[in-house]
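Each chain is listed here by its residues.
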Amino acid sequence: MNVIETRDLGKSYGQTRALHDCNLAIPGRHVVALVGPNGAGKTTLLNLTVGLVLPTDGEITVLGGRRAGSLAALDGIAFVAQNAPLYRNLSATDLIHETRNLNRRFDQRYANQRLDELAIPLKRKAGTLSGGQQAQLALTLALARRPQLLVLDEPMAALDPIARDTFMTTVMRAVAEDGVSVVLSSHVLAELERVADYLVVVSHGGIQVAGRVEELLATHLLLTGPASGSEQHAREWGVVHATCAGSQAHLLVRTENRVERVPPRWEARGVTLEELTMAYLREQRVAAVSGSASGWVEAREVTT
């Protein structure tokens, strides 16, 4: 079952195109890292997924074909937005009560137990809790709905390292114990590398790369060698992104272009998730500035 599927999806706000020509098919039971620079379209894609906005073009379905925003879709999706929005004047107990009454399915026992484990006082108003406690409260309310898909839009942006780790431990426990699918938008690539097994890179309103992390890493290499003549190699290999530092060139390439033999004075190694992601993002920045990809820095969507 695909938890998110889009076909030629686009969203415009007036004359501004936030997303265009997005085609995705994200299978279930994955932790999906949604990555891109500010203004890339990540939040718009998540808002379309949970039905907060409607597409301008194309279509988006969730949870095996349910129309995004429909009652059937909303019943299976939980959403935690950036800065963990909560009614600040309500206590945790009040928020549990309201969430239970507004949803067809809500596990109050889980919510109470989870907040007790985190030592979050039930009687205190949400606005008086720390940032980490507010994020955990929002996450607990979301997970107590027993969703099939959990959508997280940079929920840890303001959290300290310990709070971030505790937050992600809660998410990964839900993945392991309940089979929840997760889509997580974040700028912290090292953090995503630890938990994500599926990657979607968004830049300038389009999907640059999408696929299982294991397969993407297996189909890319980082080649290092002399800068002299590197442009010729780049054209042969179909480089995602190339950089030169003094006399050395670094080429991140797709192995589907059959780099069968590493030339003399060149070295090859595997790439990290951060290196792969940054290569696609940097290439798109180059293309945006120049108007098109250069002759030896070529990017295209890779779906595995």
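Within each chain, residues carry numbers counting from 1 in the order of the written sequence. Where local features are concerned, this predicted model is filtered to residues with pLDDT of at least 70; where side-chain atom pairs are given and counted, the filter is 80 or more; whole-chain, interface and lining totals use all residues. Values shown for side chains rest on all heavy atoms present in the structure; no hydrogens or waters enter the calculation.

Peer 1: Is there a simple way to explain the packing of helix 5 (residues 131-143) against helix 6 (residues 161-178) in this structure?
Peer 2: To characterise two packed helices, one gives the angle between the axes of the helices and the distance between these axes. Axis definition: a line fit to C-alpha positions, over the contact stretch in the case of helices; interaxial angles, taken between N-to-C directions, run 0 to 180 degrees. A helix here means a DSSP run of H or I that spans at least four residues, while a strand means a run of E at least two residues long, and both kinds are numbered starting from the N terminus. Between helix 5 and helix 6, the least distance of the axes is 10 Å, while the angle of their chain directions is 10°. Here helix 6 runs roughly parallel to helix 5, going by the angle between their axes. Together, Gly132, Ala135, Gln136, Leu139 and Leu143 of helix 5 and Ala163, Thr166, Phe167, Thr170, Val171 and Ala174 of helix 6 make up the contact between the two elements. Residue polarity follows a fixed list, in which Ala, Val, Leu, Ile, Met, Phe, Trp, Tyr, Cys and Pro are nonpolar, Asp, Glu, Lys and Arg are charged, and the others, Gly among them, are polar. Looking at the contact of helix 5 with helix 6 residue by residue, the classes come out as seven nonpolar, four polar and no charged. Small angles under 35 degrees read as roughly parallel and large ones over 145 as roughly antiparallel, with 65 to 115 read as roughly perpendicular and the rest as oblique. Whether two residues are in contact is decided by their heavy atoms: any pair within 4.5 Å suffices.

Peer 1: Help me understand the nonpolar core, please; the structure alone is not making it clear to me.
Peer 2: Generally speaking, a soluble globular protein has its nonpolar side chains buried in company with each other. One finds Leu137, Leu150, Leu152, Phe167, Val171, Val182 and Leu199 to be the most contacted residues of the largest nonpolar core, which totals 56 residues. Top contributing element to this core by residue count: helix 5, with seven residues. Not counting residues up to four positions away in its chain, the partners in contact with Val182 are His30, Val31, Val32, Leu149, Leu150, Leu152, Val171 and Val175. What is meant by a nonpolar core is a set of buried Ala, Val, Leu, Ile, Met, Phe, Trp, Tyr and Cys residues, joined one to another through side-chain atoms within 4.5 Å. Partly exposed residues are those whose accessible area sits between 20% and 50% of the maximum for their type, while under 20% is buried and over 50% is exposed, using a 1.4 Å probe and protein chains only. Judged by nonpolar contacts, the second largest core, of 29 residues, contains Ile26, Ile60, Leu149 and Tyr198.

Peer 1: Even after reading the chapter, I still don't get the sheet that holds strand 9 (residues 198-203), so can you show me in this structure?
Peer 2: Hydrogen bonds between backbone groups are what pair the strands of a sheet, and the pairing can be parallel or antiparallel. Only strands joined by at least two bridges in the DSSP assignment are considered to pair. Ordered in space as 6-7-8-3-9-10, the six strands form an open sheet in which the pairing is mixed. Where the open sheet ends on each side, the last strands, each with one partner, are strand 6 (77-80) and strand 10 (206-212). Averaged over all adjacent pairs, the angle separating strand axes in this sheet is 15°, with direction ignored. Across six bridges, strand 9 lies against strand 10 in antiparallel orientation. In the sheet register, Tyr198 faces strand 10, and the bridge partner there is Arg212.

Peer 1: In this structure, what is going on with helix 3 (residues 92-102)? I would like to understand it.
Peer 2: Because an α-helix packs 3.6 residues into every turn, residues spaced three or four apart end up facing the same way. Among the residues of helix 3, those classed as buried are Ala92, Leu95, Ile96 and Thr99. Down the axis of helix 3, the smallest arc covering the buried residues is 100°, so these residues share one side. Those residues of helix 3 that are buried are in contact with helix 4 (108-117) and helix 5. Of all possible arcs, the one meant is that of the directions from the helix axis to the C-beta atoms.

Peer 1: Explanation requested: the pattern of salt bridges in the structure shown.
Peer 2: In what follows, salt bridge is the name for a side-chain nitrogen of Lys or Arg lying within 4 Å of a carboxyl oxygen of Asp or Glu. This structure, assessed with the given rule, holds 10 salt bridges. The closest approach of N and O atoms between Glu275 and Arg269, which form a salt bridge, is 2.6 Å. Its relative accessible area of 41% is what places Arg269 among the partly exposed residues. Among the charged side chains, a network of salt bridges with common partners joins Asp75, Arg104 and Arg105.

Peer 1: How should I be thinking about unusual backbone geometry in this particular structure?
Peer 2: What is expected of a backbone is that most residues other than glycine have negative phi and most peptide bonds are trans. The residue Arg29 is not glycine, and still its phi comes out positive at about 60°. Looking at the secondary structure, you find Arg29 in the loop between strand 2 (16-27) and strand 3 (31-35). We classify Arg29 as exposed; its relative accessible area is 64%. Here Arg146, not a glycine, exhibits a phi torsion of approximately 50°, which is positive. Tracing the chain through its elements places Arg146 in the loop between helix 5 and strand 7 (149-153). Judged by relative accessible area, Arg146 falls into the partly exposed class, the value being 29%.

Peer 1: Even after reading the chapter, I still don't get the layout of surface pockets, so can you show me in this structure?
Peer 2: Left-over empty space is what a probe sized like a water molecule reveals as it rolls over the atoms. Empty space within the largest pocket amounts to approximately 750 Å³. Phe79, Pro85, Thr99, Asn103 and Arg145 are, among the 22 residues lining the largest pocket, the residues nearest its centre. Broken down by secondary-structure element, the contributors of at least two residues to the lining of the largest pocket are strand 6, helix 3 and helix 5. Classifying every residue of the lining of the largest pocket by side-chain character gives 16 nonpolar, four polar and two charged. Both cavities and pockets are sets of points on a 1 Å grid over the protein atoms alone; in a cavity a 1.4 Å probe fits but cannot get out, in a pocket the set is open with protein on both sides within 12 Å along at least five of seven lines, and lining residues sit with an atom within 4 Å of a point. Grid points are joined across faces, edges and corners, and a volume is the space filled by probe spheres set on the points.

Peer 1: Honestly, empty space enclosed by the protein in this entry has me stumped. Any pointers?
Peer 2: For the structure shown, the criterion picks out one cavity of 30 Å³ or more. Of the volumes computed, that of the largest cavity is approximately 60 Å³. Lining the largest cavity are Ile4, Leu24, Ile26, Val32, Leu34, Leu45, Leu46, Thr49, Val183 and Val200. Of the residues forming the lining of the largest cavity, the biggest block, three residues, is contributed by helix 1 (residues 42-49). Tallied by class, residues from the lining of the largest cavity come to nine nonpolar, one polar and no charged.

Peer 1: Explain the sheet that holds strand 1 (residues 2-13) to me, please; I cannot follow it from the model alone.
Peer 2: Taken in spatial order, the four strands line up as 2-1-4-5 in an open sheet, and their pairing is antiparallel. Single-partner strands in this sheet number two, and they are strand 2 and strand 5 (66-67). As paired strands, strand 4 (residues 57-62) and strand 5 are joined by two bridges and run antiparallel to one another. Residue pairing in the sheet places Val62 in a bridge with Arg66 of strand 5. Docked against the sheet, helix 1 engages strand 1, strand 2 and strand 4, running at close to 120° with respect to strand 1.

No statement about biological role is implied by the geometric values presented.
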